[in-house]
Amino acid sequence: MARRPPRWLRLAGWLCLPLMATGGMPVALAADERYAALPGGEFASVLPADGKAAPAQVAPFHLRTTPVTNAEFLAFVTAHPQWQRGRVAGVLADAGYLSHWVGPTALGAAALPQQPVTRVSWFAAQAYCETEGARLPTWYEWEYAAAADATRSDARADPAWRERVLRWYGRPSNTALPAVGGEANVYGVRDLNGLVWEWVDDFNALLVGVDSRDQDGADKLRFCGAGAISMQEKENYATLMRVAMLSALKAANTTNNLGFRCAKPL
Amino acid sequence: MKKLLLAGAALLLLVMAGVSARPALPGDSVYQLPVELSNQDGQVQSMAARRGRPQLVTMFYTSCTMVCPMIVETVEKTRRTLDAPAQQRFDILAVSFDPQRDDTAALRKYAATRKLDLQRWTLAHTTPTATRQLAALLGIQYRQLPDGEFNHSSELILLDADGRIVARTDVIGRLDPAFVAALHRQVAAEPPPGKP
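Residues numbered from 1 in each chain as written. Chains lettered and ligands numbered in written order. Predicted model: local features only at pLDDT ≥ 70, side-chain atom pairs only at ≥ 80, totals over all residues. Heavy atoms only, no water.

A. Just the packing of aromatic side chains, in detail. A full pass over the atoms with the stated rule returns 19 aromatic pairs over all chains. On the numbers, 4.9 Å between centres and 35° between planes, the contact of F97 of chain B with Y142 of chain B is tilted. With F97 of chain B in the loop between β4 (91-96) and α4 (104-113) and Y142 of chain B in strand β6 (residues 142-144), this pair connects stretches of sequence that are 45 residues apart. With relative accessibility at 2%, the residue F97 of chain B sits in the buried group. A network of ring pairs unites the aromatic residues F73, F76, W101, Y128 and F260 of chain A as a single cluster. A cation over an aromatic ring shows up here: K264 of chain A above the ring of Y35 of chain A, its NZ or CZ 4.4 Å from the ring centre. (Phe/Tyr/Trp six-rings, centres within 6.5 Å; stacked < 30°, edge-to-face > 60°. Helix = DSSP H or I, 4+ residues; strand = E, 2+ residues; numbered from the N terminus. Buried < 20%, exposed > 50% of the residue type's maximum accessible area, 1.4 Å probe, protein only. Lys NZ or Arg CZ within 6 Å of the ring centre and 35° of its normal.)

This is how it looks when you write it as C-alpha cells:
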C-alpha cells in the first residue's frame, strides 16, 4: 500500500485545487465569461472580400456576449483618467464624448449602469478593449455574428428575421436605451441587432472606392487597387444601413446610439 | 520699489519659461495619438518626435503599382515648387498600409528605387493596430483585398509644427494650387534651420 502523503501536503493540495483549475492552464484557454466562442468560416458578406463577389473568410474568434455597459466604461475611465470626459484630446474624442453622463466619473440618471455605453469614439472603444486583452471586432466578424438568430447561424434569408431587424431602425433615437442582455443567438451572443449601433475595427475600410465608377478620369486616381466595391445581398437593407452609417463616421465621432463590444482571437 | 518687484517677477517668469518644456500639445494635434514608427533604416521613433517642423504626410505601400508611384511623384512635384532653402524647412513622412510586407528592407529598397532624398523623406511602418489608428486619425481609408493588395484613398496631408492638420488634398498626378499655397505658408512661418 502506498504511503499516504503527509497531512500538510494533503491540505496544501486542497488549497491549490481552485488555483490550479485556472492558474495552471494557459491564459488563452481560461474561459472569460464575458466572451463566447464563434467558429467562423466562409461567409457571404454584404461587402465582397475582393470588391466583386468573393465571400469573406472569418477565422474562429471570441466575441463579447453583450455590448460594454456604462458601469463597465465608468470603471475603465476611473482606472484610466486620460479617457475621462474633459481630459481626452479632441482628436481622439469629439465634444459629445460621454456628455450624457452627469460627470467625468459619474453616470447619473441619464446613464444607467446596465445600459450600453454610447457617445464613445472609436479610439476610446479601442482603448477599452485593450484593457480586456481584446480589440474591436472586424466588420466581417460583427456581420457574421449578427447574421445568427436563436436557432440558426444564418437567418438572413428569412423575411421575418429581416423585418424584425429593420423594425429597430425605425425606433426613434431619443427613447431611452434598454439594458444589455437581450435574447441570445445560437452562439450565446446578445444585442447585436436591436440595441445600439456598434463600432468595428475597420469602420473606415468598408466603402473604399465604392464611388470610383462614377468619377471622372482624374478622380479615379484617388483609389489604388482593384477598384469599386459592390454591395451584395441588396435585400438586406438593415445591414447595408449599418455599413453606410459606419462609413460616414470619423474615428473621433460619438453619437447617442453608438456603442461597442470587443473581440479576441480564439 | 514696485517697479523693481515687477521687473523681478518678469525676470523670474522669463527664466521659468526657458526652463520649462515646450507648451502642451494642442488637443487637435495628431501627435496626441502615440504611434511608434520604424523607418527605412530600422530606427524606431515616436511620431510625436516630429513635432517642431511642418510635415507632409501620406500613406502608401511599396508593392502598389497603380496610384502609389503617383503619390510619391505628386509629393516631389509639390516640394519642387519651393526654393532650395525652403525645401529644407519641412519633412516628408510616408507610412505603409502594409506593415507585414513593408519591412525595413522593403522600405529601403523602395527609397533607393525611387531615388528619394532621405534627408527629406521618411518611409515608415508601424503595427497593424497603429496603422489603422493613424489612417483613422488622418482620415485615410484602406482595405486589404484577398490577394494582398489594398484599396485605399490617396491623400497628401499637411501638418503644422504642432501636428495639426492644416491642409489636405486628394488631387494626385498634378499640383493642387490650394495645397501648394498652404505648404508655402507653413514653410514661411518656420524659422530657417540652424537659427535659435
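Anyway, onward from the coordinates.
B. Summary view of the sheet that holds strand β5 (residues 121-125) of chain B. Residues and elements named next belong to chain B. Reading across the sheet, the seven strands line up as β2-β1-β5-β4-β3-β8-β9 and stay open at both edges, with mixed pairing between neighbours. The open sheet has two free edges, formed respectively by β2 (44-46) and β9 (165-169), since each of these has just one partner strand. Neighbour-to-neighbour, the strand axes of the sheet open up by a mean angle of 30°, direction not taken into account. The sheet contact formed by strand β1 (residues 36-39) and β5 spans two bridges and is antiparallel. When the bridges of β5 are listed, S38 appears paired with H125. Across the face of the sheet, helix α6 (residues 177-189) comes into contact with β3 (55-60), β8 (156-159) and β9 while running at roughly 25° to β8. (Pairing = 2+ DSSP bridges. Axes fitted to C-alpha atoms, helices over the stretch in contact; angles between N-to-C directions. Contact = heavy atoms within 4.5 Å.)

C. Structural context of the sheet that holds strand β1 (residues 35-38) of chain A. Residue and element names in this part refer to chain A. The three strands are arranged β1-β4-β8 in an open sheet whose pairing can be described as antiparallel. This sheet does not close on itself; its edge strands, each paired only once, are β1 and β8 (263-265). Strand-to-strand twist in this sheet, taken as the mean axis angle between neighbours without regard to direction, amounts to 25°. Pairing analysis gives four bridges linking β1 to strand β4 (residues 61-64), with the strands arranged antiparallel. Paired with L38 across the strands is F61, a residue of β4. Across the sheet, helix α4 (residues 139-146) touches β1, β4 and β8, and the angle it forms with β4 is around 70°.

D. Examining helix α2 (residues 68-79) of chain B more closely. In this model, α2 of chain B (12 residues) spans 17 Å end to end at C-alpha, consistent with the 16 Å of a helix rising 1.5 Å per residue. For α2 of chain B, the complete set of buried residues consists of C68, I71, V72, T74, V75, E76, T78 and R79 of chain B. (Expected span 1.5 Å × (residues − 1).)

E. View of the confidence of the model for chain B. Residues and elements named next belong to chain B. Per-residue confidence for chain B averages 88 on the pLDDT scale, and 86% of its residues sit at or above 70. In this model, residues 14-19 is a region of pLDDT below 50 whose contacts with residues beyond four sequence positions or in other chains number zero contacts. Reported confidence for the predicted complex is 0.80 by ipTM and 0.82 by pTM. (pLDDT = per-residue confidence, 0-100.)

F. Region of the structure containing the nonpolar core. Residues and elements named next belong to chain A. Counting 122 residues, the largest nonpolar core has F73, W83, Y97, W139 and F260 as the members making the most contacts within it. In terms of residue count, the dominant contributor to this core is helix α3 (residues 122-131) (seven residues). What W83 contacts, discounting residues up to four positions off in sequence, is F76, V77, V88, L92, Y97, F123, A124 and A127. (Core = buried A, V, L, I, M, F, W, Y, C linked by side-chain atoms within 4.5 Å.)

G. Here's a closer look at the interface of chain A and chain B. If you look at the interface, chain A gives 30 residues, while chain B gives 31 residues. Both sides of the chain A and chain B interface together cover about 2,400 Å² of buried area, and 58% of this is carbon and sulfur. For the interface between chain A and chain B, the tally reads zero salt bridges. Counting only elements with at least two residues in the side of chain A that touches chain B, the list comes to α3 and β6 (223-224) of chain A. Considering each element in turn, the side of chain A that touches chain B owes the most residues, three residues, to α3 of chain A. Among the residues forming the side of chain A that touches chain B, the class breakdown is 20 nonpolar, six polar and four charged. (Buried area = accessible area lost by both parts, 1.4 Å probe. Salt bridge = Lys/Arg side-chain N within 4 Å of Asp/Glu carboxyl O. Nonpolar A, V, L, I, M, F, W, Y, C, P; charged D, E, K, R; others polar.)

H. Region of interest: the packing of α4 of chain A against helix α7 (residues 237-247) of chain A. All names here are of chain A. The interhelical angle for the contact between α4 and α7, taken along N-to-C directions, is 155°, at an axis separation of 12 Å. Relative to α7, the element α4 is oriented roughly antiparallel. Helix-helix and strand crossings are classified by hand; for α4 and α7 the assignment is right-handed. Contacts between α4 and α7 involve W139, W142 and E143 from the first element and T239, R242, V243 and L246 from the second. (Parallel < 35°, antiparallel > 145°, perpendicular 65-115°, else oblique. Left-handed = near helix turned anticlockwise from the far one by under 90°.)

I. Local environment of the packing of helix α2 (residues 70-79) of chain A against α3 of chain A. Residues and elements named next belong to chain A. Contact geometry of α2 with α3 gives a least axis separation of 11 Å together with a crossing angle of 85°. The angle between α2 and α3 places the two elements in the roughly perpendicular class. Contact residues: E72, F73 and F76 in α2; A124, A127, Y128 and T131 in α3. For the contact of α2 with α3, a count of residues per class yields five nonpolar, one polar and one charged.

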